[in-house]
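# Analysis of the macromolecular model
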Amino acid sequence: MNKYFRTIGFLDISTRRILEKAVNKSIADYMNNQDKQPSRIVEIEIECHEHFGVMIHGECIDEEDFYVDYIIPFVRSKNYYSYINAKEENAVQMDSFFIRATFGKMNTELTFFVENSLDYVKERKNIGKKMVGLVGMAKQGEILMPVVPYNPKEDEEIERSDDILSIVETSIFPEGIQSGRYSVLGIIEECELCQNKITLENVYYFTIKCKDIRINVVINEKNLQGVPEVGRRFAGEIWLQGNTHVVNI
């Protein structure tokens, strides 16, 4: 997970040290200012921007001791989808989960890391419509021009092209054997250049459409090739996360 902190504006060793100080301060503030209970599982958010930040998942052992289970970057989603056929998989970290589920009219099966595990545990047995906002963190990416509309006169030229990205408008498929890693190609519907208020690094926050699903993607400006604009396409490898909740019907 550590390699994905760069996506939200912690690119190198110097900014990781800034992150370490911010984490220590947030834990100290929690221990000093919150009502504490023995063996209480908590999630502490460090906001770096309204769209993204850092999540500390840990346990308050007693009035003085705090045990960190894991620390992850997180992204807030603008788009929520219902999902079905959900299967839960435990992740490496304690109290963390991957969910494999089916989305959209195209029945796309995706596996995402649950970023709000405390809420998920509380709600997973509730009867209701299961919803999730999908987000992606990209270590590297590039901007591609839109697909040129089909023209019969250019059919032979298209058939000779070896660049599949020039004829496929959107796609999403697993990358490697690790859960939640995907190669995505999506149309940019929204594009915002944000600044991490802790490190002052610039981060792009996209809404991209892949098939019939919208994913909010973040990437460090320094790791993006090309100029992003609405209507162009984003291509890159992402770590897919999801913020889940249940809607009672």
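The sections below set out a description of the structure shown in this document. Remember, it's a predicted structure, so these values are computed and weren't measured experimentally.

This paragraph deals with the sheet that holds strand β1 (residues 40-49). In a beta sheet, neighbouring strands pair by backbone hydrogen bonds and run either parallel or antiparallel. Strand order in the open sheet made by the three strands is β1-β2-β3, with antiparallel pairing throughout. Two strands lie at the open edges of the sheet, namely β1 and β3 (66-75), each paired on one side alone. Looking at each pair of strands side by side, their axes are set apart by 20 degrees on average, direction ignored. Direction of pairing for strand β2 (residues 52-60) relative to β3: antiparallel, over a ladder of nine bridges. Within β3, the position partnered with Glu59 by the bridge is Tyr67. Docked against the sheet, helix α1 (residues 13-33) engages β1, β2 and β3, running at close to 130 degrees with respect to β1.

Moving on, we come to the environment of Val148. Relative to the assigned elements, Val148 resides in the loop between β7 (129-144) and α3 (155-160). Assessed through its relative accessible area of 59%, Val148 is described here as exposed. C-alpha separation for the pair Val148 and Glu169, spaced 21 residues apart in sequence, amounts to 9.4 Å.

The next subject is the pairing of strand β8 (residues 171-174). Summarising the sheet, β8 and strand β9 (residues 181-195) pair through four bridges and their orientation is antiparallel. By the bridge assignment for β9, Phe173 is matched with Ser183. Hairpin connection from β8 to β9: six residues lie between these consecutive antiparallel strands, with Gly176 at a positive phi of about 75 degrees.

This next bit is on unusual backbone geometry. In this model, Asn107 sits at a positive phi of 50 degrees, which is unusual for a non-glycine residue. Backbone geometry at Leu200 places phi at a positive 70 degrees, although glycine is not the residue there. As for its position among the elements, Leu200 is in the loop between β9 and β10 (202-210).

The biggest cluster of nonpolar side chains holds 34 residues, and the ones touching the most others in it are Phe52, Val54, Phe66 and Val218. Counting only elements with at least two residues in this core, the list comes to α1, β1, β2, β3, β7 and β10. Ranked by the residues each element gives to this core, the list is headed by α1, at six residues. Ignoring anything within four residues of it in the chain, the contact list for Val54 reads Phe5, Ile8, Phe10, Leu19, Ile44, Glu45, Ile46, Cys48, Ile71, Ile72, Pro73 and Phe74. Membership of the second largest hydrophobic core comes to 30 residues, among which are Phe103, Val114, Ile213 and Phe234.

Thresholds, definitions, all that
For every chain, the first residue of the written sequence is number 1, and numbering continues from 1 along that sequence. Only residues with pLDDT of at least 70 are given local features in this predicted model, and only at 80 or more are side-chain atom pairs given and counted; all residues enter the totals for whole chains, interfaces and linings. Water and hydrogen atoms play no part in the side-chain values, which are based on all heavy atoms of the structure. Strands pair, by our definition, only if DSSP identifies at least two bridges between them. Secondary structure elements follow DSSP: runs of H or I no shorter than four residues count as helices, runs of E no shorter than two count as strands, and numbering proceeds from the N terminus. Orientation is described by axes fitted as lines to C-alpha atoms, over the contacting stretch for helices, and by angles from 0 to 180 degrees between their N-to-C directions. In what follows, a contact means two residues having at least one pair of non-hydrogen atoms within 4.5 Å. Relative accessibility under 20% of the residue-type maximum defines a buried residue, over 50% an exposed one, and the middle range a partly exposed one, all with a 1.4 Å probe and only protein chains included. Definition used in this section: a nonpolar core is a set of buried Ala, Val, Leu, Ile, Met, Phe, Trp, Tyr and Cys residues joined via side-chain atoms within 4.5 Å.

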